[in-house]
Amino acid sequence: MTESIANTAAEVADAIADAARAGATLEIRGGGSKAPIGAPRQSAILDMSGFCTVSDYDPAELVLTAGAGTPLSLIDQLVDSEGQMLAFEPFDHGPIFGEPAGAATLGGVIAAGAAGSRRLTMGGARDHLLGFTAVSGRAEVFVAGAKVVKNVTGYDLPKLAAGSWGRLFAITEMTVKVMPRGRESATRVIEGLSPDAAQRAMARAMGSQAEVTAAGHIPAALNGGVSVTAWRLAGFGPSVAARCGMVEAALADFGAVRTPDAETAARIWKDLRTLSPLGGGRPLWRVNTPPSQGPALAQALEQLGALWMFDWAGGLTWLTFDGDAGLVRATAAQAGGHATLIRAPEEMRRAVPALHPQPAGVAALEERVRRAFDPAGVFETGRFHEAGRAD
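No experiment lies behind these values; they were computed from the predicted model shown. Each chain carries its own residue numbering, running from 1 in the written order of its sequence. Under the rules for a predicted model, residues below a pLDDT of 70 receive no local features and side-chain atom pairs below 80 are neither given nor counted, while totals for whole chains, interfaces and linings still include all residues. Only hydrogens and water are removed before side-chain values are computed, so all heavy atoms of the structure are retained for them.

Explain the side chain of glutamate 89 to me, please; I cannot follow it from the model alone.
Among the structural elements, glutamate 89 can be located in the loop between β6 (84–85) and α3 (106–112). On the basis of relative accessibility, which here comes to 15%, the residue glutamate 89 falls in the buried class. A distance of 2.9 Å separates the side chain of glutamate 89 from the backbone nitrogen of arginine 118, its partner in a polar contact. Only heavy atoms enter the contact rule, under which two residues are in contact if any of them lie within 4.5 Å. Not counting residues within four places of it along the chain, the set of residues in contact with glutamate 89 comprises Ala115, Gly116, Ser117, Arg118 and Arg232. Numbered from the N terminus, helices here are DSSP runs of H or I no shorter than four residues, and strands are runs of E no shorter than two. Note on classification: 1.4 Å probe, protein chains only; a residue is buried when its accessible area is under 20% of the maximum for its type, exposed when over 50%, partly exposed between these limits. Two N or O atoms form a polar contact when they lie within 3.5 Å of each other; inside protein one atom must be a possible hydrogen donor and the other a possible acceptor, and for residues adjacent in sequence the pair counts only when both atoms belong to side chains.

See below:
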């Protein structure tokens, strides 16, 4: 496996053109925090870490432009110094694979559409990407979107880029929205709820006027024998206090609403961010369903040995399961959702596609889109069991 580092869009274009002429494939890689996801592959690696710069940041306009290889840790420090944040709370996959947090890059989280607990209320990565510069599989440099929040001209390629996993083009620079960071944050919890009761409680809080920013549930099996359902609120102090009161009133009939100490609150949200309660030894699945269907899915697989936890008020279930992958996918589909294999042994990753299989019509459309940007299949590494140029 060969590796090259590109520092300019022209160098990226040259590498893609060379690969196309040689009939080779290229894997676009930034920090490598998500490299273990998907089937093993032998493609040459195009390292984008050379695109590590913040070229423009206008706090007043809530807009930041940075190279795709810029570490999230650098961006977080910069925007935090201005009292701002990346509102979709990018999810860092490093800890899932036993690696320290901090290797993820802006390009990587956008390409994977990796959003954390605030995605529930603030939207996903695709909702915060305004524009980008990229190089297609045709070795052509192009610009999409804009560097302003309001832009309705042309095709909305930023929506296509988020979640594309580097299979359409190599992004070199991107412009994202940033948002003011709440000056204060507060957490409220209820202990001892069943999965069904927890989901109903989370739904009630989310439907209230309290403007809850995140809601999650860790079952008793992963929390010392007592389940915990948590809500997070952020903003100005008086507003947070008033909205916490709304949450407490709305949830009074579910049990005692407590205010955990700062250490406990931080641990709850860290557990949902790093998934440490699920351990690191078993296959890990990320399952998206309608929130109301989360408990049925979790309980069905729990009976077969799965361990799980809820984020996004029950709309996102993280679970570890040693059993049949087809059963996970079938249970997710029955619940109206889809399951992504995040972590597994190499043999399993060779046999089981990471991404949930698409219906035939959607798969055909996706194939046509990929061919439009990458006619020679330069980005078809086989990572997601693609047809055509897969290794």
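Hey, could you run me through the layout of surface pockets in this one?
A water-sized probe, rolled over the atoms, reveals where empty space remains. Cavity and pocket criteria rest on a 1 Å grid covering protein atoms alone: a 1.4 Å probe that fits but cannot get out defines a cavity, protein on both sides within 12 Å along at least 5 of 7 lines defines an open pocket, and an atom within 4 Å of a point defines a lining residue. Grid points are joined across faces, edges and corners, and a volume is the space filled by probe spheres set on the points. As a volume, the largest pocket reaches approximately 1,400 Å³. Among the elements that make up the lining of the largest pocket, the one with the highest residue count is helix α12 (residues 360–373) (seven residues). Considering only enclosed or pocket space, the second largest pocket measures out at about 1,200 Å³ in volume. The dominant element in the lining of the second largest pocket, judged by the number of residues it contributes, is helix α8 (residues 262–274), at six residues.

Help me out: how do you make sense of the sheet that holds strand β9 (residues 169–177) in this one?
Strand pairing in a sheet takes place through backbone hydrogen bonds and is either antiparallel or parallel in direction. At least two bridges found by DSSP between two strands is the condition for calling them paired. Ordered by their spatial adjacency, five strands build an open sheet running β4-β5-β9-β7-β8, and the pairing between neighbours is antiparallel. Edge positions in the sheet fall to β4 (54–58) and β8 (141–145), since each of these pairs with one other strand and no more. Across the sheet, the mean angle from the axis of one strand to that of its neighbour is 15°, orientation sign disregarded. With five bridges joining them, strand β5 (residues 63–67) and β9 adopt antiparallel strand pairing. Within the sheet, the bridge partner assigned to valine 63 lies in β9 and is lysine 177. Seen against the sheet, helix α1 (residues 9–22) touches β7 (129–136), β8 and β9 and runs at an angle of roughly 45° to β7. Axis lines are fitted to C-alpha atoms, over the contacting stretch for helices. Their N-to-C directions set the angle, which ranges from 0 to 180 degrees.

Just to check I follow, could you spell out the nonpolar core for this structure?
Grouped burial of nonpolar side chains is what soluble globular proteins tend to show. Counting 56 residues, the largest nonpolar core has Ile110, Phe132, Phe169 and Trp318 as its most contacted members. In this structure tryptophan 318 touches Phe91, Leu275, Leu278, Leu284, Trp285, Arg286, Leu307, Trp308, Met309 and Ile342, once residues within four positions along its chain are discounted. Nonpolar cores are built from buried Ala, Val, Leu, Ile, Met, Phe, Trp, Tyr and Cys residues. Side-chain atoms within 4.5 Å join them into one set. Formed by 38 residues, the second largest nonpolar core is a distinct cluster that contains Leu193, Val212, Val240 and Ala298.

Just to check I follow, could you spell out the pattern of salt bridges for this structure?
Should the charged atoms of two oppositely charged side chains come close, the side chains can pair. Each salt bridge in this description consists of a side-chain nitrogen of Lys or Arg and a carboxyl oxygen of Asp or Glu lying within 4 Å of one another. As enumerated under the stated definition, the model contains 19 salt bridges in all. Across the pair arginine 258 and glutamate 191 runs a salt bridge whose closest N-O atoms are separated by 2.8 Å. Placement of arginine 258 in the loop between α7 (237–250) and α8 and of glutamate 191 in strand β11 (residues 184–191) is noted, with a sequence separation of 67 residues between them. A relative accessible area of 35% means that arginine 258 is categorised as partly exposed. Three or more residues are tied together by salt bridges with common partners; here these are Arg167, Glu366, Glu367, Arg370, Arg371 and Glu380.

What should I look at first to understand the sheet that holds strand β1 (residues 3–5) in this one?
Read from one edge of the open sheet, three strands run β1-β3-β2, paired in parallel fashion. Whereas interior strands pair on both sides, the edge strands pair on one side only; in this sheet they are β1 and β2 (26–29). On average, each strand axis in the sheet is inclined to that of its neighbour by 25°, with strand direction left out of account. Here four bridges tie β2 to strand β3 (residues 44–47), and the two strands are oriented parallel to one another. In the strand pairing of β3, leucine 26 is matched with alanine 44.

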